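Spelled out from the first residue to the last, the chains are:
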Amino acid sequence: MKYTLIAVPALGQAQNTLQNVKSKLASLADVHAFHVPEFKIGTLDALLLLSDDLAKYDTSFEQAVNKTADILSTVVKGQPDALLDKETVDQYINTFQWNTMKYRTDKSLQETTALLNQEVTSMDNMLKTKMNTYTQNKNALQQLQRKQTGNLSVRSLNGIVKKQHCVLNSEYLTTLFVAVPKALEKEWCSKYETLTSMVVPRSSVKIDQDDDFILFSVTVFQRVADEFAHKARESRFTVRDFKFDEEALQRQQQELEEASEQESEQQRELIRLSRTQFAEMFGAWVHLKALRIFVESVLRYGLPPDFAAASIHTDAKTEKKVDEVLIAQYGHLGGVHGLNGKKEQQQQEELLDHELQSVNGTQYRPYVQFELNFELERR
């Protein structure tokens, strides 16, 4: 989603100026008044410094907002309620009013900017911590699930190996369980007795198989178990690290259920927090844009503040045409970028067809203009 926020001189007639912009773009874009209050201005030097800070914060706010939207639209999949409501975002921008209860206009611009940055940074850090916790729980769950769904070289053998497959309570013997690639079944049968000494002859038993591996048991003396495992690996046989435990399957299932429940709870909490913080972050970002419009308008158009601000919502097909109309209407504000005299059309084409001068990371326009870009999946 992309919105363009502009401010042009009002010449004491803000309402008429806004209506003029609306009429010029009536067939091209959705235009609404963007209400910016008056603030305590301070000195020109302070405004110049603040303009640089606002540009930096604008970038970090954009990243935080898009990261939050990305969590909801891509990381937390399969949850319809996780997606953000496009219409709500539209309404917020189209009816924007400065929140005077939260951000008092009698405070300095610097204080308000610092408060906005503190809020967004705090929320971003909180969400980052919550996301890390969720990711850890999700990874733990996936590891447990892989143990139940992988092939016989990696999946849990609980429930596959039965008591009768094992030599139990022997002082000298032990049973090993080996995942053998299907293509090597004959090789295993012909060489397992000779991989090391002290292998019980004819002790290998086929227990289970899947598409890739066959699980065999083999009985060896305990003293050669490690050596046998090493020799087996050299032959591409995988000796599984497994000890029979009658209660292990029950514990494994309980662990899986607990991890699944914990992951689901963390997911719900992440959705709730992300939705709440998106609204808060997005609101703070739009307020920061209002500050940028005010500061840049004062720096460009002078004192006392006298400008009309508007939000413009368009699409890729009409975006360039909107640019043309605005530059044609307000190009005279840009000095050397103005559209005066015989070269008006030529200068207009140059502005639109060539890379424009970059100021604070945004393309230069003869009037105040800022973009508000973010990714939002429609619910």
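Residues numbered from 1 in each chain as written. Predicted model: local features only at pLDDT ≥ 70, side-chain atom pairs only at ≥ 80, totals over all residues. Heavy atoms only, no water.

You'll find the protein entered in an unreviewed UniProt entry as V-type proton ATPase subunit C, with Syncephalastrum racemosum given as the organism. The UniProt entry for the protein carries the following comment under Subunit (unreviewed entry): "V-ATPase is a heteromultimeric enzyme composed of a peripheral catalytic V1 complex (components A to H) attached to an integral membrane V0 proton pore complex." The protein has a UniProt comment under Sequence similarities (unreviewed entry) that states "Belongs to the V-ATPase C subunit family." (UniProt positions renumbered as here; feature names shortened; annotations may be inferred.)

(A) Inspection of the nonpolar core at higher detail. Within the largest apolar cluster, 42 residues are counted, with the highest numbers of intra-cluster contacts made by Phe34, Val36, Phe282, Ile293, Leu372 and Phe374. Put simply, the parts of the chain that give this core at least two residues each are β1 (2–9), α2 (44–75), α3 (86–94), α4 (109–149), α7 (248–301), β7 (307–313) and β10 (368–373). Ranked by residue count, the leading element in this core is α7, at 13 residues. Residues Leu184, Leu195, Ala229 and Ala232 belong to the second largest nonpolar core, which totals 19 residues. (Core = buried A, V, L, I, M, F, W, Y, C linked by side-chain atoms within 4.5 Å. Buried < 20%, exposed > 50% of the residue type's maximum accessible area, 1.4 Å probe, protein only. Helix = DSSP H or I, 4+ residues; strand = E, 2+ residues; numbered from the N terminus.)

(B) A look at the pattern of salt bridges. Taken as a whole, this structure holds 14 salt bridges when the rule is applied. Put simply, Lys206 and Glu185 hold a salt bridge, and the shortest N to O gap is 3.1 Å. Taken together, the residues Lys206 in strand β4 (residues 205–209) and Glu185 in helix α5 (residues 185–191) connect sequence positions 21 residues apart. Overall, the relative accessible area of 43% leaves Lys206 in the partly exposed class. Under the relative-accessibility criterion, Glu185 is labelled partly exposed at 25%. One salt bridge connects Lys321 with Glu324, and the closest N-O pair in it is separated by 3.7 Å. Of this pair, Lys321 and Glu324 both sit in helix α8 (residues 316–330), three residues apart, roughly one helical turn. Salt bridges sharing common partners tie together Lys2, Glu319 and Glu371. (Salt bridge = Lys/Arg side-chain N within 4 Å of Asp/Glu carboxyl O.)

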